[in-house]
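Structural overview for review
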Amino acid sequence: EIEDLPEEMAKMKSLETLLLRQNQIKTLPEGLPGPDLPNLSLLHLSSNKLTSLPDSTTQCTSLCTLYVNGNAITSLPMNGWKNMKKLKTFNVGSNNLDALPDEFVERFGEPDLKTGDCTKDETCTVRVDQNPVVEKARKGKAGI
């Protein structure tokens, strides 16, 4: 099982797909994903031990699919979500998110209380279910 990724991976310009699910990865080097990976379209990091995503994530404008569900992520990058125009699928479910950045909500909307999906941007499927931010909203709606 992989625990660390070399910084050099953030400079692999021809990288298109990176499948690293079900490992023990705790952090990603800055730039992975990022602007120096102009061909990266699929990044699959579900079921690891990530606690955050690098700020450079939203600068990877080639990303179409990003799976980071089943980690321990407590926050998302604050800015740049509008730049990810090719993003079609983003699954950040089953993490520890207490809040969503304003720019994220501007683009994708608040999570639906039934499904946990953010549906404002019809071109992108965003799953946020099984995070404290959704659970708190559900309890508040139910008056608990």
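Below is a short write-up of the structure. Bear in mind the structure is a predicted one, so any value in this text is a computation, not a measurement.

Strand pairing in a sheet takes place through backbone hydrogen bonds and is either antiparallel or parallel in direction. An order of 1-2-3-4-6-5 is seen for the 6 strands of this open sheet, with the pairing classed as mixed. Edge strands, defined here as strands with exactly one partner in the open sheet, are strand 1 (17-19) and strand 5 (117-118). Pairing analysis gives 2 bridges linking strand 5 to strand 6 (residues 125-127), with the strands arranged antiparallel. Across the sheet, residue Cys-118 finds its bridge partner in strand 6, namely Val-126.

All right, on to the nonpolar core then. Leu-76, Phe-90, Phe-104 and Val-128 are the most contacted members of the largest nonpolar core, which has 37 residues in total. Leu-76 has contacts with Leu-53, Trp-81, Phe-90, Val-92, Leu-97, Leu-100, Pro-101 and Phe-104, leaving out every residue within four places of it along the chain.

Moving on: the state of the cysteines. Simply put, disulfide is the name for a covalent bond between the sulfur atoms of two cysteines. Scanning the model with the defined rule gives 0 disulfides in all. Cysteine Cys-60 is unpaired, with the sulfur of Cys-64 as its nearest cysteine sulfur at 9.4 Å. Given the relative accessible area of 1%, Cys-60 is considered buried.

With that out of the way, let us pick up the environment of Pro-38. Relative to the helices and strands, Pro-38 resides in the loop between strand 1 and strand 2 (42-44). With relative accessibility at 47%, the residue Pro-38 sits in the partly exposed group. Discounting residues that sit within four places of it in the chain, Pro-38 has contacts with Lys-13 and Ser-62.

Before going further, it helps to spend a moment on the pattern of salt bridges. Enumeration according to the criterion identifies 6 salt bridges in this entry. One salt bridge in this structure joins Lys-82 and Glu-106, with 3.0 Å as the shortest N-O distance. Taken together, the residues span a long stretch of sequence, with Lys-82 in the loop between strand 3 (65-67) and strand 4 (89-91) and Glu-106 in helix 1 (residues 102-108) at a distance of 24 residues. In this structure Lys-82 comes out as partly exposed when scored by relative accessible area, which is 42%. A relative accessible area of 45% means that Glu-106 is categorised as partly exposed. Close ionic contact of Asp-117 with Arg-127 constitutes a salt bridge, the shortest N to O distance being 2.5 Å. Taken as a pair, Asp-117 in strand 5 and Arg-127 in strand 6 lie far apart in primary sequence, 10 residues in all. We classify Asp-117 as buried; its relative accessible area is 19%.

Scoring rules and cut-offs
Residues numbered from 1 in each chain as written. Predicted model: local features only at pLDDT ≥ 70, side-chain atom pairs only at ≥ 80, totals over all residues. Heavy atoms only, no water. Pairing = 2+ DSSP bridges. Helix = DSSP H or I, 4+ residues; strand = E, 2+ residues; numbered from the N terminus. Core = buried A, V, L, I, M, F, W, Y, C linked by side-chain atoms within 4.5 Å. Buried < 20%, exposed > 50% of the residue type's maximum accessible area, 1.4 Å probe, protein only. Contact = heavy atoms within 4.5 Å. Disulfide = S-S within 2.5 Å. Salt bridge = Lys/Arg side-chain N within 4 Å of Asp/Glu carboxyl O.

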